Amino acid sequence: QVQVLESGGGSVQPGGSLRLSCAASGTIFSMNAMGWYRQAPGKEREMVARMRSIGTTNYADSVKGRFTISGDYAKNTVYLQMNSLKPEDTAVYYCLQSPGASNYWGQGTQVTVSS
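Keep in mind that this is a model prediction, so the values were computed, not measured.

Reading guide: rules and limits
- Residues numbered from 1 in each chain as written.
- Predicted model: local features only at pLDDT ≥ 70, side-chain atom pairs only at ≥ 80, totals over all residues.
- Heavy atoms only, no water.
- Helix = DSSP H or I, 4+ residues; strand = E, 2+ residues; numbered from the N terminus.
- Rg over C-alpha atoms; globule rule 2.2 N^0.38 Å.
- Buried < 20%, exposed > 50% of the residue type's maximum accessible area, 1.4 Å probe, protein only.
- Areas by Shrake-Rupley, 256 points an atom, 1.4 Å probe, with all protein chains shown as cover.
- Pairing = 2+ DSSP bridges.
- Axes fitted to C-alpha atoms, helices over the stretch in contact; angles between N-to-C directions.
- Core = buried A, V, L, I, M, F, W, Y, C linked by side-chain atoms within 4.5 Å.
- Contact = heavy atoms within 4.5 Å.

Draft legend 1. Focus on the overall build of the chain. From N to C terminus, the chain includes zero helices and eleven strands. Mapped in sequence order, the helices and strands of the chain form the string β-β-β-β-β-β-β-β-β-β-β. Relative to a compact globule of 115 residues, whose C-alpha radius of gyration would be 13 Å, the chain shows 14 Å and is just as compact. Here the chain holds 115 residues, and 42% of them are scored as buried. If you sum the accessible surface of the chain, you get close to 6100 Å²; carbon and sulfur atoms cover 47% of it.

See below:
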């Protein structure tokens, strides 16, 4: 059983910053990838940033240059530094941890960007 727990969401004004954290616990032999997704009201869940153990990193076009994903595969932790936040970044952010061929989602953390 793998559990995924996110933290760090909240409310911020446009132009502000937030840092999300995510940790996976349980029996994990090899973490292949870790990432962040988000879902805004009335919209489908979308990939925000994803990193793979082979060294590749991908970002959604809408966050390139503003968000940075980082992580520690030895500790099964992943972070998302979000700068220059915009109202359109408002969403529930979900962490995805992928050990082996499996996928485990966190419960989500709300990020609200509003003046």
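Draft legend 2. Focus on the sheet that holds strand β3 (residues 18-26). An order of β1-β3-β8-β7 is seen for the four strands of this open sheet, with the pairing classed as antiparallel. This sheet does not close on itself; its edge strands, each paired only once, are β1 (2-7) and β7 (67-72). Taking each pair of neighbouring strands and ignoring which way they run, the sheet shows an average axis angle of 15°. Summarising the sheet, β3 and strand β8 (residues 77-82) pair through six bridges and their orientation is antiparallel.

Draft legend 3. The arrangement of unusual backbone geometry in detail. Its identity as a non-glycine residue notwithstanding, Asn 76 has a phi of 55°, on the positive side. Within the fold, Asn 76 resides in the loop between β7 and β8. Its identity as a non-glycine residue notwithstanding, Ser 84 has a phi of 50°, on the positive side. Looking at the element boundaries, Ser 84 is found in the loop between β8 and β9 (91-99).

Draft legend 4. Spotlight on the nonpolar core. Core analysis: the largest hydrophobic core is formed by 28 residues, its most contacted members being Trp 36, Val 48, Phe 67, Val 78, Leu 80, Met 82 and Tyr 93. When contributions to this core are tallied by element, the ones reaching two or more residues are β1, β3, β4 (31-39), β5 (46-52), β7, β8, β9 and β11 (109-113). Residues contacting Phe 67, with those up to four places away along its chain left out, are Arg 38, Val 48, Tyr 59, Leu 80, Gln 81, Met 82, Asn 83, Leu 85, Asp 89 and Tyr 93.

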